[in-house]
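Single-letter residue listing:
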Amino acid sequence: MQRVQAVAWKEIQVYFSSPMAYIVGMIFLALTGFFFVRDFGNPFPEASLSSFYQGATIIMILLAPALTMRLLAEERKLGTVELLLTAPVRDWEVVAGKYLASLVFLMAMVALTGYYVLLLFIFASPDPGPIYAGYLGLFLYGAAALAVGMLTSSLTNNQIVAAVVAMGILLVLYFSDFAAAAVTGLPATIIGEMSIKTHFDDFGLGVIDTKHIVYFVCVTAVFLFITVRALEARRWR
Amino acid sequence: MSNNGSPMIEVKGLTHFYGPRPAIEDVNFEVQRGEILGFLGPNGAGKTTTMRIITGFMPPTQGKVTVAGFDVVEQALEARRRVGYLPETVPLYTEMTVTSYLKYMGTLRGVPSRKLKVRIGEVIDLCRLGDYRRTIIGKLSKGFRQRVGVAQAILHDPEVLVLDEPTIGIDPIQVVETRRLIQDLGKEQTVVLSSHILPEVSMLCQRVLIIHQGHIVAEDTPQRLAQNLQGVERIEVEVRGPAAEVAAALRRINGVTDVQPPTGRNRNLFIVQARHGLDLRDEISRVVISQGWGLLSMRMSTMSLEEIFLKLTTREES
Ligand SMILES: Nc1ncnc2c1ncn2[C@@H]1O[C@H](COP(=O)(O)OP(=O)(O)OP(=O)(O)O)[C@@H](O)[C@H]1O
Ligand SMILES: [Mg+2]
C-alpha cells in the first residue's frame, strides 16, 4: 500500500504542477459552465443540472484521455519505466497508483463544479435527488473513462496516440446505443447495454440503480485489469 | 538470504530472443559475493540484454537467473529488493528536483521513511551532488545526471549493483571519480558493470567476461586475458562421447593449448584453443573419429578473440 501511495503521490504532484492539467481543468470548467447556463434563456428554465450532466459526459470523453495519456506512455518514452519496473513494486501497484492520481485530479475538477450547485440552491429550489445521483453517476463515469485512458497509455510510447485511441473507444461506447437502434433482437440488447450513455442517463434523472453502478465498476475493473496485463506483456519486448 | 558459499548472482542457460535471432544464447556465469565483474563486449554484443534480465526488467526467453538465491522471475520482488540498477540511458524524471527524485525512488525501493532522509544525505555526499539538491534534473549536465543515476542505484544499500556503461559520455575527470566510487562500493557490494573499453574494465574488475554476438567467448582475470588473448585460435567442437576422455584426447593433440570441457546446456560442446596460426580442424576430426566418437559439428570462431580484443582495446569508437 505504501508503494501505491508513493506512486500516486508523485503523480498527483506532477498534475498539480503541470500546465497541461490546469488547461484541461479550465476547459472542463468553461465548457460545463456553458452547458449549465445554456437553458437559462428559456421562458421557463428548469432549476436542475440535467443540461450540465449532458455536457459533462461528452466533455469527459475528451478530457479523461488527456489526463491519463501521460501516465504510462511517458515512462516508456523517457525510459524511466526501466527503473520503475525493476523497483520492488508489483505491476498492479504501479497501475493502481497512477490511476488513483488521475482519479484524484478528476475529482478535484468535478468538485469545482459544486459552485453551480451552490448557485442553484441559492437562487432556486432544485430537487436535490437528481443532483446527488448525477454526481455519483459522473464520478463512476469519469472513473471508467480514466480506466480506458490508462489502458491506451500502457500500449504506446506516444501520448497523442494514447489519447486519440482512448477517445475513440469512449466515443464508440458512448454512441453504441445509436448503433443498437440499427439492429434488432439480442444484438441490439447487447450493443445497447454496452453504452456508457444509457447507463449514465438514469443517474441524471435521480435514479440510483445498482445495475448501472455494477456496469461502471465492471468497465473500470476490466480496463484496469487489461492495463496490468499489458504492462506485464510489454516486458517481453 | 543465501549463505556465504553460494554465488550472489547465478546465470544459467540464458537465452533471449527479440525477434527471430537470439540477442544472447546459452549464457552461463556466476558472480561471487563482493566481486566486481566486468562485462565486456562490442556494440550489440548483448550486455544490456543480459543486465535487463538480471535486474528483472524483462523475463528471459529461456534460462534462469538468481540473485542472492532468489529467482528474478519467480521471486521477483525479493530479488529486486537486493539490486541497484543504473541503466545505460540513465532515465530520470526530468521535471523533479534531485532530492524529491531520490525520495520517490527510495520510497519505491522500500527504504523506511524515517531512515530515508539521512540516507539521501549520505548518497548526495557520496556522489558529490551537494550543490544540486534543489536543482531540477532536466537542467543538470550529462555527467551530473549520471551521478544522480548512481545515487538512486545505491540508495537502498543493495547487495548487488548492476551498472550499464557507468562511465560513458562523461568527461575524463568525472570518469576517474566514478571509477573511484565504483571501487569503493565494490569493497562491500557485488558489482556487475558493462563496458566496451578493456582498459577500464582491467582497472576496476577482478574478473572479466567477454561477450560477443550473444555468446560468452572468454572469462578470466584481466591480466591473464591480456596475456592469453593474443595469439590464440579458438575452435568449437561438438563431440558425442565420454567428456573426460574426449577432453584428454583433444589436449594431447600437438598445438592445442587448452580444452574447455562442456559447461553450458550443450553437453557436447568442447572449446579448443590452439597456438596462433594453426588450423587443427583436420587433426581434431581424425582423432575424434579414430576413437569411434560422434563428431557432430566443428567451427572456428567467427571472430577470433584477438580481433575482439583489438576492437576492445581501441578507444576510438566511444
Ligand atoms: N528492444 C529491442 N528490440 C529488438 N532488438 C533489440 C532490442 N534491444 C536490443 N536488441 C538487439 O539485441 C542485440 C543485443 O543488444 P544489447 O543492447 O544487449 O547490446 P549491448 O551489448 O548492450 O550493446 P551496446 O554496447 O551498443 O550497448 C543487438 O543486436 C540489438 O540490435
Ligand atoms: Mg548496451
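Criteria and thresholds
Chains are numbered independently. Their residues run from 1 in the order of the written sequence. Each chain gets a letter, beginning with A, and each ligand a number, beginning with 1, in the order they are written. In keeping with the model being predicted, local features are shown solely for residues with a pLDDT of at least 70 and side-chain atom pairs are shown and tallied solely at 80 or more, while totals for entire chains, interfaces and linings include all residues. As a rule here, side-chain values cover all heavy atoms of the structure and leave hydrogens and water aside. Segments assigned H or I by DSSP are reported as helices when at least four residues long, segments assigned E as strands when at least two residues long, and all are numbered from the N terminus. Between buried and exposed lies partly exposed: a residue is buried under 20% and exposed over 50% of the maximum accessible area for its type, with that area taken using a 1.4 Å probe on protein chains only. We get accessible surface area from the Shrake-Rupley algorithm with a probe of 1.4 Å; when it comes to residues, only the shown protein chains can shield them. Counted as positive: Lys and Arg. Counted as negative: Asp and Glu, with His and the chain ends omitted from the count. A single reference atom marks each charge: NZ on Lys, CZ on Arg, CG on Asp, CD on Glu. By definition, a salt bridge exists where a carboxyl oxygen of Asp or Glu is found within 4 Å of a side-chain nitrogen of Lys or Arg. Expected helix span is computed as 1.5 Å times (number of residues minus one). What makes two residues a contact is simply this: any of their non-hydrogen atoms within 4.5 Å. When two parts are brought into contact, each loses some accessible area as probed by a 1.4 Å sphere; the total of that loss over both is the buried area. Only strands that DSSP links by at least two bridges are regarded as paired with each other. Orientation is described by lines fitted to C-alpha atoms, with helices fitted over the stretch in contact, and by angles between N-to-C directions that extend from 0 to 180 degrees. Should an angle fall under 35 degrees it is called roughly parallel, over 145 degrees roughly antiparallel, and 65 to 115 degrees roughly perpendicular, with every other angle called oblique. Note on convention: near helix rotated counterclockwise from far helix by under a right angle means a left-handed crossing. Clockwise means right-handed. Ten residue types, Ala, Val, Leu, Ile, Met, Phe, Trp, Tyr, Cys and Pro, are classed as nonpolar, four, Asp, Glu, Lys and Arg, as charged, and the remainder, Gly among them, as polar. Donor atoms are limited to N, O and S found within 2.8 Å of the metal ion, a distance that becomes 3.2 Å for Na, K and Ca. With water left out, some sites might look partial. The nearness test applies per residue and asks whether one of its heavy atoms lies within 4 Å of the molecule or strand. For this analysis, a polar contact is any N or O atom pair within 3.5 Å, provided that within protein one partner can donate a hydrogen and the other can accept it, and provided that sequence-adjacent residues contribute only side-chain to side-chain pairs.

## A few points about the overall build of chain A
Part 1: The number of helices and strands found in chain A is 11 helices and 0 strands.
Part 2: When the elements of chain A are put in sequence order from the N terminus, they spell out α-α-α-α-α-α-α-α-α-α-α.
Part 3: Dimensions of chain A along its principal axes, counting C-alpha atoms only, are 60 × 45 × 30 Å.
Part 4: Buried residues in chain A amount to 53% of all 237 residues.
Part 5: Accessible area for chain A stands at about 10800 Å²; split by element, carbon and sulfur atoms hold 73% of it.
Part 6: Averaging the positions of the 14 positive and the 15 negative side-chain charges in chain A gives two centres separated by 12 Å.

## What to know about the pattern of salt bridges
Residue and element names in this part refer to chain B.
Part 1: For the structure on display, the rule yields 26 salt bridges over all chains.
Part 2: We note a salt bridge from aspartate 184 to lysine 187, for which the minimum N-O separation is 3.2 Å.
Part 3: Of the residues examined, aspartate 184 reaches a relative accessible area of 42% and is grouped as partly exposed.
Part 4: A residue is classified by how much of its surface remains accessible, and lysine 187, at 65% relative accessible area, is exposed.
Part 5: Salt-bridge contacts for glutamate 236 lead to arginine 299; the nearest nitrogen and oxygen are separated by 3.2 Å.

## A closer look at helix 4 (residues 113-126) of chain B
Residues and elements named next belong to chain B.
Part 1: Along its 14 residues, helix 4 runs 20 Å from first to last C-alpha, staying within 8% of the 20 Å computed at 1.5 Å per residue.
Part 2: Three or more residues of helix 4 are buried, namely Leu116, Arg119, Ile120, Val123 and Ile124.
Part 3: In the core, the buried residues of helix 4 are packed alongside helix 3 (98-108) and helix 5 (142-154).
Part 4: Arginine 128 occupies a position one or two residues after helix 4 and carries a positive phi of about 50°.

## Considerations on the interface of chain B and chain A
Part 1: Taken together, the contacts link 25 residues of chain B with 22 residues of chain A.
Part 2: Here chain B and chain A share an interface that buries about 2500 Å² over both sides, 64% of which is from carbon and sulfur atoms.
Part 3: There are 1 salt bridge connecting chain B and chain A.
Part 4: The partner of glutamate 82 of chain A in a salt bridge is arginine 52 of chain B, with the nearest N and O atoms 3.0 Å apart.

## Considerations on unusual backbone geometry
All names here are of chain B.
Part 1: Positioned with a positive phi, glutamate 165 is a non-glycine residue whose angle comes to about 50°.
Part 2: Residue position: glutamate 165 is located in the loop between strand 7 (160-164) and helix 6 (172-186).
Part 3: For glutamate 165, a relative accessible area of 6% translates into the label buried.
Part 4: Phi is positive for glutamine 213, which is not a glycine, with a value near 45°.
Part 5: Tracing the chain through its elements places glutamine 213 in the loop between strand 9 (207-212) and strand 10 (215-220).
Part 6: On the basis of relative accessible area, glutamine 213 is assigned to the exposed category, the value being 53%.

## Some words on the sheet that holds strand 8 (residues 190-195) of chain B
All names here are of chain B.
Part 1: In spatial order, the strands read 6-7-8-3-9-10; together these 6 strands make up an open sheet with mixed pairing. The open sheet is flanked by strand 6 (83-86) and strand 10, the only strands paired with a single partner. Along the sheet, successive strands turn relative to each other by an average axial angle of 15°, direction set aside.
Part 2: As defined by bridge partners, strand 3 (residues 36-40) adjoins strand 8 across 5 bridges and the pair is classed as parallel. Within strand 8, the position partnered with phenylalanine 39 by the bridge is serine 194.
Part 3: Against the sheet, helix 5 engages strand 6 and strand 7, with an angle of about 170° to strand 6.

## A look at the pairing of strand 4 (residues 62-67) of chain B
Remember that side chains alternate between the two faces of the sheet whenever the strand is regular.
All names here are of chain B.
Part 1: Relative to strand 4, strand 1 (residues 9-17) runs antiparallel, the two sharing 5 bridges. Looking across to strand 4, one finds that glutamate 10 is bridged to threonine 66.
Part 2: Between the end of strand 4 and the start of strand 5 (residues 70-71), which pair antiparallel, lie 2 residues, with alanine 68 showing a positive phi angle near 50°.

## Considerations on the packing of helix 5 (residues 91-112) of chain A against helix 7 (residues 128-155) of chain A
Residues and elements named next belong to chain A.
Part 1: Between helix 5 and helix 7, the shortest axis-to-axis distance is 10 Å and the interhelical angle comes to 140°. The orientation of helix 5 with respect to helix 7, classified from their angle, is oblique. Crossing angle aside, the handedness with which helix 5 passes helix 7 is right-handed. Every residue of helix 7 that contacts helix 5 at Val95, Lys98, Tyr99, Ser102, Leu103, Leu106, Met107 and Val110 is listed here: Tyr135, Leu138, Phe139, Gly142, Ala143, Ala144, Leu146, Ala147 and Met150.
Part 2: Residues of the contact of helix 5 with helix 7, tallied by class, amount to 14 nonpolar, 2 polar and 1 charged.

## Concerning the coordination of the magnesium ion (ligand 2)
Part 1: With distances of 1.9 to 2.7 Å, the protein atoms coordinating the magnesium ion (ligand 2) are Thr48 of chain B (OG1), Glu88 of chain B (OE) and Glu88 of chain B (OE). A residue pair is termed long-range when its members are at least 10 positions apart, and threonine 48 of chain B in helix 1 (residues 47-54) and glutamate 88 of chain B in the loop between strand 6 and helix 3 qualify at 40 residues.

## Structural notes on the site of ligand 1
Residues and elements named next belong to chain B.
Part 1: Every residue lining ligand 1 is accounted for by Tyr18, Ala23, Asn43, Gly44, Ala45, Gly46, Lys47, Thr48, Thr49, Glu88, Glu165 and His196.
Part 2: In the model, an oxygen atom of ligand 1 is placed 3.2 Å from a nitrogen or oxygen of the alanine 45 main chain.
Part 3: Expressed as a share of its isolated accessible area of 630 Å², the protein-covered part of ligand 1 is 62%.
Part 4: Ranked by the residues each element gives to the shell around ligand 1, the list is headed by helix 1, at 3 residues.
Part 5: Class assignment of the residues belonging to the shell around ligand 1 gives a composition of 3 nonpolar, 6 polar and 3 charged.

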